[in-house]
Amino acid sequence: MQQAKEVDPYLIDRIPIAKNMDHAYLLEVEGLCPLCGKNLLATKGRNKSKLYQIAHIYPNSPSSKQVKELYGLERLGTNCEDFENKIALCKDCHGLYDDDVTKDEYLNLVKIKRELLSIANAKEVISHQPLEDEIILVINSLSTVDMNTLKEVNLKYNGVKIADKFESNYTILKSKIESYVCSYYFFIREIFQQLEQNDQINFNIIANEIKTSFLKCENEKIDKSDIFNTLVNWLRSKIKARVSLESCEIVVCFFVQNCEVFHEIT
Ligand SMILES: [Zn+2]
């Protein structure tokens, strides 16, 4: 053990996890074990019990067998104590993982952590991106619309041609967006037009803000589902009222169809 540390600068002495960092790890996996999906906190009376531990992805003190198994593989962070090389796991998964981690198990956890880091980055980057407060007016109109109004609006137009922006591995995301676009695209377009005519909203400013956020997410190299969800959560965070997740999804879907979000695939 000691020998591996001497020859490998990545391996440094253990640094204990401070409480605020413990929260960061829990938040990163949204309170669920990234390997088995188990809740990492359990309710016990009025308290919460901690069912997780912070695991090293590349071991802090690898055995010579582990050194061999993980030789030459990608490592996260500059040393084994970096945030990048640690992740919250439930106690069971942590135990199993640490027990002679295999190359496949290691690479799988590296992949999961890399995705979580990118999603967190995208979220952080667009959190500073402004969005006009008036977007609330569009969200509010969604919360009161009834089926008949939607049907009437959609009848006025000849159906919407859905732009092709999704590869075959995004079937679920694609069908969700298509179904929202079919039901709400024209309705939202009319709401924007009305609000703009009444000088209540500047559509181009809002569209540009949405587009900038999309481009920033895209820059973080996260997949399209993660981009979509990051944009929805960002939109929701910018609205100074509690609004439904679905209404925010519908607005993002509008901008997918309107071409501010995602590119046409060729
Ligand atoms: Zn687990």
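Below you will find a few notes about this structure. Starting from 1, residues in each chain are numbered consecutively following that chain's sequence as written. pLDDT decides what is reported in this predicted model: residues at 70 or higher carry local features, side-chain atom pairs at 80 or more are listed and counted, and totals for whole chains, interfaces and linings draw on all residues regardless. Water and hydrogen atoms play no part in the side-chain values, which are based on all heavy atoms of the structure.

**Some thoughts on the coordination of the zinc ion**
Step number 1: The rule for donors is simple: N, O or S, within 2.8 Å of the metal, or within 3.2 Å if the metal is Na, K or Ca. Water isn't counted, so a site may look like it is missing partners. For the zinc ion, the full set of protein donor atoms is Cys33 (SG), Cys36 (SG), Cys90 (SG) and Cys93 (SG), and the range of their distances to it is 2.3 Å.
Step number 2: Sites are called tetrahedral only when four donors show all angles between 85 and 135 degrees, square planar or octahedral only when four or six donors show opposite pairs over 155 degrees and all other angles between 65 and 115, and irregular in any remaining case. Viewed at the metal, the four donor atoms of the zinc ion are separated by angles of 103 to 114°, and the geometry they form is tetrahedral.
Step number 3: Read from N- to C-terminus, the donor residues coordinating the zinc ion fall into the pattern C-x2-C-x53-C-x2-C. Of this pair, Cys36 sits in the loop between helix H2 (19–28) and strand S1 (41–44) while Cys93 sits in helix H4 (residues 91–98), and the two are 57 residues apart along the sequence. Helix numbering and strand numbering both begin at the N terminus, where a helix is a DSSP run of H or I of at least 4 residues and a strand a DSSP run of E of at least 2.

**Quick look at the packing of aromatic side chains**
Step number 1: Aromatic rings from Phe, Tyr and Trp, taking only the six-membered ring of Trp, are treated as a pair when their centres fall within 6.5 Å; an angle between ring planes under 30 degrees marks them as stacked, one over 60 as edge-to-face, and anything in between as tilted. Tallied over the full model, the rule gives 16 aromatic pairs.
Step number 2: Here Tyr10 and Tyr58 contribute two aromatic rings whose centre-to-centre distance is 5.7 Å and whose plane-to-plane angle is 90°, an arrangement assigned as edge-to-face. Placement of the pair is Tyr10 in the loop between helix H1 (2–7) and H2 and Tyr58 in the loop between strand S3 (52–56) and helix H3 (64–69), with a sequence separation of 48 residues.
Step number 3: Relative accessible area decides the class of each residue, using a 1.4 Å probe on protein chains only: under 20% of the type maximum gives buried, over 50% gives exposed, and in between gives partly exposed. Looking at Tyr58, the relative accessible area reads 1%, which means it is buried.
Step number 4: With a centroid separation of 4.8 Å and 70° between ring planes, the pair formed by Phe192 and Phe203 is classed as edge-to-face. With a gap of eleven residues between them, Phe192 in helix H8 (residues 171–197) and Phe203 in helix H9 (residues 203–219) connect regions that are remote in the sequence.
Step number 5: On the accessibility criterion, Phe192 (3% relative accessible area) is buried.
Step number 6: Among the aromatic side chains, those forming a connected cluster through ring pairs are Tyr157, Tyr185, Phe186, Phe192, Phe203, Phe254 and Phe255.
Step number 7: To sit over a ring, a charge needs its Lys NZ or Arg CZ within 6 Å of the ring centre and within 35 degrees of the ring normal. Directly above the ring of Tyr52 sits Lys50, whose terminal nitrogen or CZ lies 4.9 Å from the centroid.

**Regarding the pattern of salt bridges**
Close approach of charged atoms lets side chains of opposite charge pair.
Step number 1: Salt-bridge detection follows one rule: a side-chain nitrogen of Lys or Arg within 4 Å of a carboxyl oxygen of Asp or Glu. Applying the stated criterion to the full structure yields 13 salt bridges.
Step number 2: The closest approach of N and O atoms between Asp8 and Arg75, which form a salt bridge, is 2.9 Å. Here the residue Asp8 occupies a position in the loop between H1 and H2, and Arg75 occupies one in the loop between H3 and strand S4 (86–90), the gap between them amounting to 67 residues.
Step number 3: Across the pair Lys38 and Asp92 runs a salt bridge whose closest N-O atoms are separated by 2.9 Å. With Lys38 in the loop between H2 and S1 and Asp92 in helix H4, the pair connects residues that are 54 residues apart, well separated along the chain.
Step number 4: Take Lys38: its relative accessible area is 34%, and that puts it in the partly exposed class.

Keep in mind these values describe shape, not function.
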